[in-house]
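Each chain, letter by letter, is given below.
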Amino acid sequence: MKTISTYKAEKIFFLFGAALFSFMLSSCLKKPEGAVANTEAAEPVFAVNAFKTQAGNLDNYLEFGGDVASVSSVDVLPDQMGKVSRILVNVGDMVQKDQVLAYVDASRPGYTFAASPVKAPVSGRITSFSPTIGTQVAQSMSIAKISNTDDLEIRVNVPERFISRIALKQKAVLTFDAYPGNEFEAYVSEVSPVLDTTSRTMAIKIRISKNDSKIRVGMYARVKLITESIKNAIIVPVAATVKRDGESYIFKIENPDSESPSAVLCPVKQGITVDDKTEISEGISAGDIIVIKGQSLLNNGSKVKIIALSE
């Protein structure tokens, strides 16, 4: 049987043990001071695509389309009415002036005539020859076309709102579906002094600078008429610019080779924009590395990680 003294001693021991357990538990649950400091110091790092700027040229242009035609093209007309009795040439043949191309027989019932020769009025290449043997022709009917395929041009009608940007000798660049990726040089060789009052357009002719066997009469050309050319400008993708409070900015990456590069918000002045490229006249220099993707979440000084770099 326990005495009162023994009971009091057990109670005191139990209370002491409970207090000690509580102290040890609270010590285990308490975070070290260093852990709190590290959590507060952590900063988010944003993954971005970057672009290294460099000086280049940017051409503004107007775009049109038109068919390739010969600079000089002449219709061949027979001297007599009758039926074509002989054909001496084929489409694509080169002919000389006064060369006989065909014969026309003017004979009819009761009358017999010698066949009349049809001669080439100029030298050049046969680009069309419509009649066949036995076809009835007349003096006013063109039976063939002779063209100078060494000199080719594209005729274009320019809308009235663009005529102030057109001038003689203006540079142009041609592309064709038949030769994707290839560009051909051309220039404005003729500008009409008047406008068509019905369509409100001005006719111009664009001459192909160099004779090229790839380009043929009748091909459809896409014409880029260069209206403004900026030399040695800083050209960046349009996507690199961001708008803040109505102003244009670009995020430039500081210390891109360090372990913790940061993005600095730089105010910039934009020049002309062509397609997906824009000129930056103030704010950044050639060789700067800028953010072109992922900048929507950035603030001035944000830490970044470059996952792709292009030039």
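Residues numbered from 1 in each chain as written. Predicted model: local features only at pLDDT ≥ 70, side-chain atom pairs only at ≥ 80, totals over all residues. Heavy atoms only, no water.

### Remarks on the overall build of the chain
The helix and strand tally for the chain stands at 2 helices and 22 strands. Relative to its full complement of 311 residues, the chain shows a buried share of 31%. For the chain, the share of sequence-separated contacts (at least 6 apart) that also reach a separation of at least 24 residues comes to 70%. Of the roughly 19,700 Å² of accessible surface on the chain, a fraction of 52% belongs to carbon and sulfur atoms. (Helix = DSSP H or I, 4+ residues; strand = E, 2+ residues; numbered from the N terminus. Buried < 20%, exposed > 50% of the residue type's maximum accessible area, 1.4 Å probe, protein only. Contact = heavy atoms within 4.5 Å. Areas by Shrake-Rupley, 256 points an atom, 1.4 Å probe, with all protein chains shown as cover.)

### Details of the sheet that holds strand 9 (residues 136-137)
The strand order across the open sheet built from 4 strands is 7-6-4-9, with neighbouring strands paired in antiparallel fashion. What marks the edges here is a single partner per strand, and that holds for strand 7 (116-119) and strand 9. Bridging between strand 4 (residues 82-87) and strand 6 (residues 100-105) involves 4 bridges; their strand directions are antiparallel. What sits directly across from Arg-86, in strand 6, is Tyr-103. (Pairing = 2+ DSSP bridges.)

### A short note on the environment of Lys-269
Topologically, Lys-269 is positioned in strand 19 (residues 269-274). With relative accessibility at 48%, the residue Lys-269 sits in the partly exposed group. In this structure the C-alpha to C-alpha distance between Lys-269 and Ile-250, which are 19 residues apart in sequence, comes to 9.9 Å.

### Section: the packing of aromatic side chains
Counted by the stated rule, this structure contains 3 aromatic pairs. Look at Tyr-111 and Phe-113: their rings are 6.4 Å apart centre to centre, the planes differ by 5°, and that puts the pair in the stacked class. Overall, Tyr-111 belongs to the partly exposed group, its relative accessible area being 48%. Using a relative accessible area of 40% as the deciding quantity, one classes Phe-113 as partly exposed. Plain terms: the ring middles of Tyr-179 and Phe-184 are 6.4 Å apart, the flat faces sit at 65° to each other, and that makes the pair edge-to-face. For Tyr-179, a relative accessible area of 24% corresponds to the partly exposed category. The class for Phe-184 is buried, based on a relative accessible area of 10%. One aromatic cluster in this structure is built from Phe-176, Tyr-179 and Phe-184. (Phe/Tyr/Trp six-rings, centres within 6.5 Å; stacked < 30°, edge-to-face > 60°.)

### Remarks on the pairing of strand 12 (residues 171-175)
Looking at chain direction, strand 12 and strand 13 (residues 184-191) are connected through 4 bridges and run antiparallel. The partner of Leu-174 across the bridge, within strand 13, is Phe-184. Summarising the sheet, strand 12 and strand 15 (residues 220-237) pair through 4 bridges and their orientation is antiparallel. Opposite Leu-174, over in strand 15, you have Val-223 as the bridge partner.

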